[in-house]
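Here's the letter readout for the chains.
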Amino acid sequence: MQSKHAILDALEKMRGEFLEQVKKITEELAFEHQAGKLEELRIEFLGKKGKLTQILKGLASVSPQDRAEIGKVSNQLKVEFSNALEQAKSKMKEKYYASLHDAEWIDMSIPPAAELHQHFGGSVHPISLTQKKLENIFTSMGFSILDGPQVETDYYNFGALNFTDDHPAREMQDTFYTEQGHLLRTHTSAVQVRGMKKLKPPMRMIVPGRVFRYEEVDASHEHTFYQMEGMILEKEVSVSHLLYLMQTLLKEIFESEVEVRLRPGYFPFVEPGFELDMRCLLCKGEGCSVCKKTGWVEVLPCGLVHPEVIKSGGLNPDEWQGAAFGLGLNRLVMMEHNIEDIRLFMGAHVPFLSQFKEILN
Ligand code: DAH
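Computed from a prediction, not measured in an experiment: that's the story for all the values here.

(A) Local environment of helix 9 (residues 239-254). With 16 residues, helix 9 ought to run about 22 Å at 1.5 Å a step, and its terminal C-alpha atoms sit 22 Å apart, in line with that. Among the residues of helix 9, those classed as buried are Leu-242, Leu-245, Met-246, Leu-249, Leu-250, Ile-253 and Phe-254. Looking straight down helix 9, one finds that the buried residues subtend no more than 145 degrees of arc, so they occupy a single side. Residues Ser-240 and Tyr-244 are exposed on helix 9 and point more than 90 degrees away from its buried face. On its buried face, helix 9 sits against helix 6 (126-140), strand 6 (260-264), strand 7 (270-279), strand 8 (296-305), strand 9 (321-328) and helix 11 (329-337).

Now the structure itself:
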C-alpha cells in the first residue's frame, strides 16, 4: 500500500531530478550531443515504461479523491517537463547558429596541407569528368551549353516533343509526377524546345543534366541518371551530317577510331529516328558481358528533328532542319572505365569515387 503523500513526494523528487538533468545537458554537453540526450531523458522520464509511469502504478492503492489530486499534479508535471525540454532545445539552436557564425570565419581558400590532401582530399565525380570532357569537345565545335529545369511541365517533356496526350510512347518513360501536376524530367530532350526559343537558328546546343525515371533500381537501372542532349538546326541537315557528327564525337571521347552502325529507332520527336551502336571497346567486338555477347553497344539514340518539334520551337519546318541525339552519360562512363554497376554513381561510396583523381581543366 502506498499513501498519497508517498506518491506526491516521489513525483516531487522526480521533478527535481529531471530539471537538474536538463540543466546539466544544456550547460555541460557540446550542443551536437544535446538533442540525443534530451530525447533519451524524455523517454527515461515520460516514456511508456518511464519513471512517471512507474510512480503512477501506485495510484491503484489510493482513494478516488487522492487519485484525482495526484492525476492533476502529474499532468502539471508533464506540461512543465515539455516546456523545459522545449526551452532547452531553443537554447541548443541558438548555440548551433552561433557556432555556424563562428565557422564562417574559416578561410575556405587556404589549401590543405599536402599530406592531408593526399589522404582526405576530394576527387571529381567520374560523370563530371566525362561531362566536362564532352563540353570541351562540343564548345570547340561551336555548340552552346544550355541548362533547363529538373522539375518540368508535361508540355516541354512530352507535348512539345510530339508526344500526343494518349501517345503510347509516354509509357516508354516511367515518370515521377509532383502533386502540383509537374514532373521530373525524364530526358534532357525536354530542353530542346526551350533551347530553340532561346537561341534562334542556325544553332548548336548541348544540354548536360540529371534526369529521372520511376525505375526499379538494379545494377543497370537507376532512378536518377545523367544524359547529354545535343541539337543542331541549320537550313539543311541530313542523316550523313548526323552520322559524321556522332562518329567525330565518339572518336574524341574514346581517343580512338570507333566503328558505328545505325539501326532504326522510334522516338516521337525525330523522323527518321535511329539507335546508334558502337563496336564494344572492351572485347573489340568479340562478345563480352558489357555488350551482351553481341560485339555492339547501344550508345546514342538520335535522329532528324521532327517537323512538329520545329513548329513547337516557333520555327518553320520548311525553312529549318535539325538533328538531335541523346547521350546516356552513365552508360558512356561505364564503358570508359569498365564499371559494371550503375548504382555506384549515386552511392556516395568513397572508395569508388576516390579512384578518379584526374583534375578538371
Ligand atoms: N530522349 C531520349 C531518351 O531519353 C533519347 C533521344 C533519342 C534523344 C533520340 C534524342 C533523339 O535527341 O534524337 O530516351
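(B) Region of the structure containing the environment of Pro-208. Tracing the backbone shows Pro-208 in strand 4 (residues 203-212). As a C-alpha pair, Pro-208 and Ile-145 span 63 residues in sequence and 7.7 Å in three-dimensional space. Residues within four places of Pro-208 in sequence aside, it is in contact with Gln-131, Glu-135, Ile-145, Leu-146, Asp-147, Thr-188, Gln-227 and Met-228.

(C) Summary view of the sheet that holds strand 5 (residues 224-234). Within the open sheet, the 7 strands sit side by side as 1-4-5-9-8-7-6. Their pairing is mixed. Either end of the sheet is taken by a strand with one partner, and the two such strands are strand 1 (144-145) and strand 6. Set on the sheet, helix 11 makes contact with strand 5, strand 7, strand 8 and strand 9; between it and strand 9 the angle comes to about 55 degrees.

(D) Structural view of the nonpolar core. Core analysis: the largest hydrophobic core is formed by 46 residues, its most contacted members being Leu-134, Met-246, Leu-249, Leu-250 and Leu-300. The element contributing the most residues to this core is helix 9, with 7 residues. When neighbours within four sequence positions are excluded, Leu-300 is seen to be in contact with Met-246, Leu-249, Leu-250, Phe-274, Glu-275, Leu-276, Phe-325, Gly-326 and Leu-327. One finds Phe-158, Leu-161, Phe-269 and Val-305 within the second-largest nonpolar core, a separate group that totals 25 residues.

(E) Structural view of the packing of helix 1 (residues 4-28) against helix 2 (residues 31-46). Two numbers describe how helix 1 lies on helix 2: the axes approach to 10 Å, and their chain directions differ by 170 degrees. Classified by the interaxial angle, the pair formed by helix 1 and helix 2 is roughly antiparallel. Packed against helix 1, whose contacting residues are Met-14, Glu-17, Phe-18, Gln-21, Val-22, Ile-25 and Thr-26, the element helix 2 presents Gln-34, Lys-37, Leu-38, Leu-41 and Phe-45 at the interface. For the contact of helix 1 with helix 2, a count of residues per class yields 7 nonpolar, 3 polar and 2 charged.

(F) Region of the structure containing the site of the ligand. The full set close to the ligand counts 16 residues, and His-187, Ser-189, Arg-213, Gln-227 and Glu-229 are the nearest of them. Taking Ala-324, its main chain carries an N or O atom lying 3.2 Å from an oxygen atom of the ligand. Phe-325 places a main-chain nitrogen or oxygen 3.3 Å from an oxygen atom of the ligand. Relative to its free-state accessible area of 360 Å², the ligand is covered by the protein chains to the extent of 94%. Of all the secondary-structure elements, those providing two or more residues to the shell around the ligand are strand 5, strand 8 and strand 9. Of the residues belonging to the shell around the ligand, the class tally is 7 nonpolar, 7 polar and 2 charged.

(G) Expanded view of the state of the cysteines. With the rule as written, the count across this model stands at 0 disulfides. The thiol of Cys-283 is unpaired, and the distance to the nearest cysteine sulfur, on Cys-291, comes to 3.7 Å. You can see Cys-302 has no disulfide; the closest cysteine sulfur is in Cys-280, sitting 19 Å from it. For Cys-302, a relative accessible area of 3% puts it in the buried group.

(H) Just the pattern of salt bridges, in detail. All chains considered together, the criterion is met by 20 salt bridges. Two residues, Lys-37 and Glu-40, come together in a salt bridge whose shortest N-O distance is 3.2 Å. In this pair, Lys-37 and Glu-40 both sit in helix 2, 3 residues apart, roughly one turn of the helix. Notably, a salt bridge pairs Arg-263 with Asp-277, separated by 2.8 Å at the nearest N-O pair. One end of the pair, Arg-263, is in strand 6; the other, Asp-277, is in strand 7, with 14 residues separating them in the sequence. Its relative accessible area of 29% is what places Arg-263 among the partly exposed residues. Here the residues in one salt-bridge network are Arg-261, Arg-263, Asp-277 and Glu-298, joined through shared partners.

(I) Summary view of the domain arrangement of the protein. Taken domain by domain, the protein consists of domain 1 (4-118) and domain 2 (126-356). Distance from the C-alpha centre of domain 1 to the C-alpha centre of domain 2: 54 Å.

Parameters at a glance
- Residues numbered from 1 in each chain as written.
- Predicted model: local features only at pLDDT ≥ 70, side-chain atom pairs only at ≥ 80, totals over all residues.
- Heavy atoms only, no water.
- Helix = DSSP H or I, 4+ residues; strand = E, 2+ residues; numbered from the N terminus.
- Expected span 1.5 Å × (residues − 1).
- Buried < 20%, exposed > 50% of the residue type's maximum accessible area, 1.4 Å probe, protein only.
- Arc of directions from axis to C-beta.
- Contact = heavy atoms within 4.5 Å.
- Pairing = 2+ DSSP bridges.
- Axes fitted to C-alpha atoms, helices over the stretch in contact; angles between N-to-C directions.
- Core = buried A, V, L, I, M, F, W, Y, C linked by side-chain atoms within 4.5 Å.
- Parallel < 35°, antiparallel > 145°, perpendicular 65-115°, else oblique.
- Nonpolar A, V, L, I, M, F, W, Y, C, P; charged D, E, K, R; others polar.
- Near = heavy atom within 4 Å.
- Polar contact = N/O pair within 3.5 Å; in protein donor to acceptor, adjacent residues only side chain to side chain.
- Areas by Shrake-Rupley, 256 points an atom, 1.4 Å probe, with all protein chains shown as cover.
- Disulfide = S-S within 2.5 Å.
- Salt bridge = Lys/Arg side-chain N within 4 Å of Asp/Glu carboxyl O.
- Domains from an automatic or database assignment.

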